[in-house]
Structures are given as C-alpha cells and as structure tokens.
Amino acid sequence: MPAKEPPPVTIPDFARWKGDRRKISVLTAYDHTMARLLDASGVDCLLVGDSLGMVVQGRTSTLGVTLDQMVYHAEMVARAARRALVVADLPFGSYQASTDRAIDSAVRFLKETQCQAVKLEGGRRVAPTIRALVEADIPVMGHVGLTPQSVRRLGGFKVQRDEREIMDDARAVAESGAFAIVLECMPSEIAARVTAEVPIPTIGIGAGPDCDGQVLVTPDLLGLFEGFSPKFVRRYADLGEPIRKAAREYVADVQAGRFPGAGESFR
Ligand code: KIV
C-alpha cells in the first residue's frame with residue numbers, strides 16, 4: 001500500500017496551532033524543484049517571498065521585483081506543494097496605490113496560481129488594504145517590524161526597536177483580519193509581547209524564540225547565498241562548496257574527454 005499523503009495545511013490550521021502552542025515552520029521557495037524538496041520535509045508553509053529579488057535576481061533590495069515575476073514564481077512553487085500552505089508576497093508597487101489595485105494584484109495569485117494567500121508589508125498604513133482583501137475572500141499574512149520594501153524610508157535593513165510602533169502595527173494587522181503576521185528583525189522581548197497580545201500566529205525572522213513560528217530564507221539556510229549573512233540566520237547546510245566542486249569535476253571531465261562515457265551514450 002502506498003503511504004497515505006498527509007492532508008494539506010489550511011488557513012484555519014494556523015489559528016488552531018496558535019491555540020495548541022504548536023510551532024509553525026515556514027521556508028521561502030522560488031521554484032518547483034526546491035519547493036518539491038521542501039514540501040517533502042514537512043514544512044508547514046512555503047513563502048514565495050519577494051526576497052527572490054535579492055537571492056534569485058541578485059538585486060540589492062526587493063524593490064525591483066514585479067507582480068508578473070512574483071506570479072511566475074508562485075505558480076511554479078504552488079504546483080509543487082502537496083502539503084504546505086503556499087503564500088506569495090505582493091511586491092512593492094502592487095498594493096500601495098489603492099485597495100482596488102491591491103485586490104486586482106492579489107486576485108492574480110489566486111486565479112493564476114494555486115497559492116492560498118498573499119503577504120503584504122506594513123501595519124496601520126495598510127490596515128484598510130488588508131481588510132478589503134479579507135472581505136474579498138483573499139487570506140492575508142501581515143508583516144511588521146523591518147519591512148524590506150520600506151528600506152529607503154528606514155535607511156537600511158536595521159533592527160526595529162520602537163515597541164509602541166510595532167505593537168500598534170501588529171494589533172492593526174490582526175484587527176483587519178490577517179490570519180498570521182511576520183515579525184522581522186526586532187528584539188526578542190518585543191516579539192514575545194506581540195505574540196502574547198495578538199490573537200493570530202506570529203512568524204518570526206530575527207525576532208527571537210517566542211514567536212508562534214519561524215521563517216528563514218531557504219538559500220540562507222542552505223548556505224547558497226554567500227553574500228551577506230544576517231545574525232539571525234542558522235546555516236543548516238553549506239551547499240555552495242559541493243556545488244562548485246561538482247561543477248569543477250564536470251568541467252574537468254568534459255575537457256579531458258571523460259564525459260560522456262559509453263554508459264552515458266546511445267548505441
Ligand atoms: O520576502 C521574504 O522572503 C520575506 C521573509 C523574509 C519573511 O518576506
């Protein structure tokens with residue numbers, strides 16, 4: 001008998017897990033091959049993050065990522081996921097101008113991909129947008145603290161320490177109907193207080209151990225993104241060197257005429 005597939009994660013599972021104090025695991029994914037591998041690991045949620053602007057496209061910020069690019073990546077990831085809930089980032093410029101614009105952008109993810117939810121950045125400023133999306137039946141994950149799309153206003157990717165700002169933003173996101181909220185780069189004590197205060201699960205990145213869940217950027221976790229490595233990253237593998245080694249061996253084999261061999265050729 002083939003092993004029974006575990007049931008897919010749903011939006012209501014997130015609320016239940018917060019109540020049960022069951023920690024939630026989230027990883028970013030940008031393509032089908034990696035999403036298949038990650039989904040098989042039992043991760044609860046795959047986030048098609050606009051961090052792809054930096055770790056896939058090689059930009060210095062996420063600002064240049066377009067809605068078309070996000071939909072393209074989200075489609076590949078969502079097609080791979082058997083169990084994990086798939087959430088896609090609304091990129092910079094796709095939701096700020098008006099709630100109508102936000103709904104049009106978010107609808108693309110639900111119509112053109114198998115994603116279950118969208119994520120957007122900001123607190124009180126975007127509360128009406130979150131409410132409008134939720135009223136249009138589009139599940140929303142919020143994101144407060146360090147919001148990379150605000151990098152120009154913030155003057156860099158800095159730890160956020162204003163507890164009142166963060167708390168008010170998180171409350172506004174929860175009250176607007178978001179089903180979960182990312183807390184990025186803030187002291188652990190602030191994240192712990194937000195987690196105790198808001199009724200929706202908090203997913204931390206650089207926000208300490210007391211969040212209801214954690215998210216990491218997968219190329220960071222795998223040691224594939226060898227540029228800047230923030231303090232909060234834990235590298236679970238160092239795949240950069242094995243990849244370079246495999247490619248070097250291939251190049252040497254091609255140059256020496258050792259590849260392909262008889263067993264790798266047709267007769
Ligand atoms: O874009 C992204 O990958 C994110 C995570 C870092 C939370 O927003």
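Structure's up top.
Residues numbered from 1 in each chain as written. Predicted model: local features only at pLDDT ≥ 70, side-chain atom pairs only at ≥ 80, totals over all residues. Heavy atoms only, no water.

I keep staring at unusual backbone geometry and nothing clicks. Help me out?
As a rule of thumb, non-glycine residues mostly have phi less than zero, and peptide bonds are mostly trans rather than cis. Following phenylalanine 259, the chain continues into proline 260 via a peptide bond in cis, with omega recorded as 0 degrees. Looking at the element boundaries, proline 260 is found in the segment after helix 11 (240–256). Here the phi dihedral of arginine 21 falls at roughly 55 degrees; this positive angle occurs in a residue that is not glycine. By secondary structure assignment, the location of arginine 21 is in the loop between helix 1 (11–20) and strand 1 (24–28). In this model, aspartate 137 sits at a positive phi of 70 degrees, which is unusual for a non-glycine residue. By the secondary structure assignment, aspartate 137 is in the loop between helix 6 (127–135) and strand 5 (140–145). (Helix = DSSP H or I, 4+ residues; strand = E, 2+ residues; numbered from the N terminus.)

What exactly am I supposed to notice about helix 9 (residues 188–197) here?
Burial in helix 9 covers these residues: Ile190, Ala191, Val194 and Thr195. The buried residues of helix 9 occupy an angular sector of 135 degrees when projected down its axis, which confines them to one face. On its buried face, helix 9 sits against helix 1, helix 8 (163–175), strand 6 (180–184) and strand 7 (202–205). (Buried < 20%, exposed > 50% of the residue type's maximum accessible area, 1.4 Å probe, protein only. Arc of directions from axis to C-beta. Contact = heavy atoms within 4.5 Å.)

Sorry, what's going on with the pattern of salt bridges here?
Oppositely charged side chains are able to pair whenever their charged atoms sit close together. Taken as a whole, this structure holds 19 salt bridges when the rule is applied. Between arginine 171 and aspartate 168 there is a salt bridge, with its nearest N and O atoms 3.3 Å apart. Here aspartate 168 and arginine 171 lie together in helix 8, a separation of three residues that amounts to about one turn. Among the ionic pairs, arginine 248 bridges to glutamate 241, the shortest N-O distance being 2.9 Å. Here the residues in one salt-bridge network are Arg124, Glu165, Asp168, Asp169, Arg171 and Glu197, joined through shared partners. (Salt bridge = Lys/Arg side-chain N within 4 Å of Asp/Glu carboxyl O.)

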